[in-house]
Structure formats: structure tokens, C-alpha cells
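Listed below, chain by chain, are the residues.
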Amino acid sequence: MILKALKLTNFRNYGSLDMTWDPGINMIRGDNAQGKTNLLEAIAFLSTFSSFRKSPAAELIKKERDFFLIRSCFTGNQTEHIMNVAYSENKKYLVKLDGNTKKRIAPLIGSLNTVIFSPDDLMLMKGRPEERRRFLDAEIIQTAPESHKVFSRYNKALKQRNNLLREMREGRELSDILSAYDRQLAENGASILLRRKDLLERLQPMVRLSHRRITGGSEELMLYYAGGIEGYSEKKHSLEQWKTAYEEKLKETRSEDIRRGSTTFGPHRDDLRFFLNGDDIRRFGSQGQQRTASLALKIGELELMKGQRGEYPVLLLDDVLSELDEHRREALIEVINGKVQTFVTDTGNRQLFTRCSEYRVENGMITAIS
């Protein structure tokens, strides 16, 4: 995929921006707090309609303005598309794709695929489980936008079930209603577990191969899904069988759930774990080993999207090259050079690529460096 042009109005510190981009490497230079990450945030927003910095959409509006607008032109599978995304203060979206106004934005997720790699991702190995769950689910939704509704239904049913559990903890008899929520949770929760399992099966060999290349084959990285339904790791089980097993598990944990006032089983409690030569990298891996594993994971994500969509996504590197040592930096550059359109932010003036288009950002203004 190639982002050809981007126009911003009232997005973060950009009052007005109108740029065309190199299909190869775009090096975005500038001091801190000038708008480098804001630019990458706008590009990523076109993929997910959310901020990778976890900011509410309202916070993306430039101060003293009441809306933002992102206009873009990009190609996917050799087809050019025009996408415009507007968001106003009253929490309303207006999205147009190729001139057609879309009533729902969820099906448009992944129209432009992006992969973001930031210093925070270097801590993915040792961070909280919800960060790794978010990584898995974002990958699922971007490559299969229809799954967005499954996650939405699950989160809604989970919230309602937890509210009901707290009422039952106080002595109210609501078992029949709880059983109805169990069925909703089982239906969508089993689907999420199965989707995560399928994703991991496709992602694992690509991450392992990337890791071997970076380490020269001296270390073996394995990914494991921690949680799910015991005995249901084999592919032969159908979704219906997963739903049945999920509902039975909820019945087993019902007493404990009522005591705690929360749902103790489900994909909202699971984790993605990484083992290096058989040892849990979170507990026993050095910082360098954890960074290598995070880099291999991101390269694997790139290759997975390439395999799924037939072309590489747009890669966004937010000040991450300065956090990698020379060996890991060269491993990443080898993957992307000449194959992946990449936007790189950097505060220095190092020449990291043999060929790239360079730009400087200052106070929300971008100029090409000749």
C-alpha cells in the first residue's frame, strides 16, 4: 500500500497541511513537540479510526477549533482510493470513501493498512497483558474489519454481566438473566478466542523466522497463548464446540464470579507470552533480548499483512530507530528498504538510508529538505 497524499485540517498542532509523499522512505526530522508523532498519528487514524496513543478523538482537534479533517489519497492492490475523515466536537464522524458517504466506519477499518512501531512497543514483552491483547486484537480487526462487531458485542455483554454479578453479590436472585448473558458472552468470546488462535498460528512462523535472522539462529523465540479453553487448542474443534465449552466454563466459575463481582474467565483475562530458548522472556530475558523479540514481532506483523493482503502495509516508525542498536537497526532497514513505504521520525540528522525523501517539521509546518 502507498499513501500518495495527505491533507490535514485542525489535527493536533496542524492547522493546515497538504503533502504528497515518496512511495519509499519518508524521513521526518525535527525537535520534540513539533508535530512528528502527530503526523504519524493522523496516518494511523486512517487505518483504525482511533489514536495509537490512546487519546480520545476529541483530543485530536486543534485547540480553539471544533473539528478536524483528514483527507488522503492511497493505493491498495493497484487501485487508487480517496478517503476523507472528519470528526466534530459533538462526537460525530463523517467518512467518505471514493466520494461515497459511509454510515458506519467499522467496515472501513483496514482500508489503508498501517503498522506502527514506537518506543512503547519495545516494552511490549515486559508490559501489561492488556497491551499484548490490544496488539492481537488490533491485528485481527485491521485484517478482518467485520470482526470489530464481535469485540463490541463481547465488551458490551461483559460489562452487563459484571453489573449483574455485583447485584447478585448483594443477594439478588438473577440466575435466569445471568444465563442469558452467559450465552451472549460465550458466543462472542469463543469467536474472539478462535480468531486469536488462528492469528497466532499464522504469525508465529513469521516471527520465529525474523528472530532467527536477527540473532543469526543463536536463539529460538516461541509465542504461546495463555488462557483460552483447556483442551480446545486443536483446530479440529468447530466454533459451535468452542461456544459450548465456553458456556460450560462460565458455569464452572459462576460462584467465584458472583463472589468477586466480576467475570474471571474470558479473552479479557488472557495473555500472549514469549519464550526464548524455553525461558519466559518477560522474567528471564535481558533488555536487549526483549527488544530483539519486539522487533521480530513487528517484522512478523509486516509479513503477515503482506501475506494476507498481497502487499505490504504502510510502516510508521516513531522515533524507534534511535532506540535500537546498530545491529537491530540494520535488520529492520534490510526488511523495509525498497519494499515498504515507511514514515520515520527522528530528532537527529543521521543518514540511516541510502535513499529517502527528507522533511523537517517545525511547529506544525512541514517543509522538504533539498
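Residues numbered from 1 in each chain as written. Predicted model: local features only at pLDDT ≥ 70, side-chain atom pairs only at ≥ 80, totals over all residues. Heavy atoms only, no water.

Draft legend 1. Region of the structure containing the overall build of the protein. In terms of helices and strands, the protein carries nine helices and 15 strands. For a compact globule of 370 residues, the expected C-alpha radius of gyration is about 21 Å, and the protein comes in at 22 Å, within 12% of that figure. Along the first, second and third principal axes, the C-alpha set of the protein runs to 70 × 55 × 35 Å. By residue count, 54% of the 370 residues in the protein fall in the buried class. Across the protein, contacts joining residues at least 24 apart in sequence account for 71% of those joining residues at least 6 apart. When the accessible surface of the protein is totalled, it reaches about 17,800 Å², and 45% of it is carbon and sulfur. Across the protein, the mean location of the 60 positive side-chain charges is 3 Å away from that of the 52 negative side-chain charges. (Helix = DSSP H or I, 4+ residues; strand = E, 2+ residues; numbered from the N terminus. Rg over C-alpha atoms; globule rule 2.2 N^0.38 Å. Buried < 20%, exposed > 50% of the residue type's maximum accessible area, 1.4 Å probe, protein only. Contact = heavy atoms within 4.5 Å. Areas by Shrake-Rupley, 256 points an atom, 1.4 Å probe, with all protein chains shown as cover. Lys, Arg positive; Asp, Glu negative; His and termini not counted. Charge placed at Lys NZ, Arg CZ, Asp CG, Glu CD.)

Draft legend 2. How the structure looks around the nonpolar core. Among the nonpolar cores identified, the biggest contains 101 residues, and Trp21, Leu39, Tyr246 and Ile336 are the most heavily contacted of them. Element by element, the count of residues in this core is highest for helix α4 (residues 175–215), at eleven residues. Each residue touching Tyr246, except ones within four places of it in the same chain, is listed here: Tyr154, Leu185, Ala186, Gly189, Ala190, Leu193, Ile229, Phe265, Gly266 and Pro267. Of all hydrophobic cores here, the second largest spans seven residues; its members include Leu164, Leu174, Leu178 and Tyr181. (Core = buried A, V, L, I, M, F, W, Y, C linked by side-chain atoms within 4.5 Å.)

Draft legend 3. Broad picture of the environment of Glu334. When you line up the elements, Glu334 lands in helix α9 (residues 326–336). A C-alpha to C-alpha distance of 43 Å links Glu334 and Lys243, two positions 91 residues apart in sequence.

Draft legend 4. Expanded view of the layout of surface pockets. If you add up the space inside the largest pocket, you get close to 1,200 Å³. In terms of lining residues, the largest pocket is bounded by 41 residues, among which Phe52, Lys54, Arg134, Phe135 and Ala138 are the most central. For the lining of the largest pocket, the elements supplying multiple residues, two or more each, are α1 (36–48), β8 (114–117), α2 (129–143), α3 (148–169), α4 and α8 (287–309). The greatest single-element share of the lining of the largest pocket, amounting to ten residues, is contributed by α2. Grouping the amino acids of the lining of the largest pocket by side-chain chemistry returns 14 nonpolar, twelve polar and 15 charged. (1 Å grid on protein atoms, 1.4 Å probe; cavity = no way out; pocket = protein on both sides within 12 Å on 5 of 7 lines; lining within 4 Å. Points joined across faces, edges and corners; volume = space filled by probe spheres on them. Nonpolar A, V, L, I, M, F, W, Y, C, P; charged D, E, K, R; others polar.)

Draft legend 5. Fine view of empty space enclosed by the protein. Taken as a whole and judged by the stated rule, the model has one cavity of 30 Å³ or more. If you trace the largest cavity, you find it lined by Val115, Phe117, Leu295, Lys298, Ile299, Leu302, Leu315, Leu317 and Leu332. Only β8, α8 and β12 (314–318) provide two or more residues apiece to the lining of the largest cavity. For the lining of the largest cavity, the leading source of residues is α8, giving four residues.

Draft legend 6. Region of the structure containing the sheet that holds β8. Taken in spatial order, the six strands make up an open sheet running β8-β12-β13-β3-β14-β15, and their pairing is mixed. Two strands in the sheet have a free side with no partner beyond their single neighbour: β8 and β15 (365–368). In this sheet, neighbouring strand axes are inclined to one another by 20° on average, regardless of whether the strands run parallel or antiparallel. In this sheet, strand β13 (residues 342–346) lies alongside β12 in parallel orientation, the contact comprising four bridges. For Leu317, the partnering residue across the bridge sits in β13 and is Val344. Running at roughly 150° to β12, α1 makes contact with β3 (25–29), β8, β12, β13, β14 (357–362) and β15 of the sheet. (Pairing = 2+ DSSP bridges. Axes fitted to C-alpha atoms, helices over the stretch in contact; angles between N-to-C directions.)

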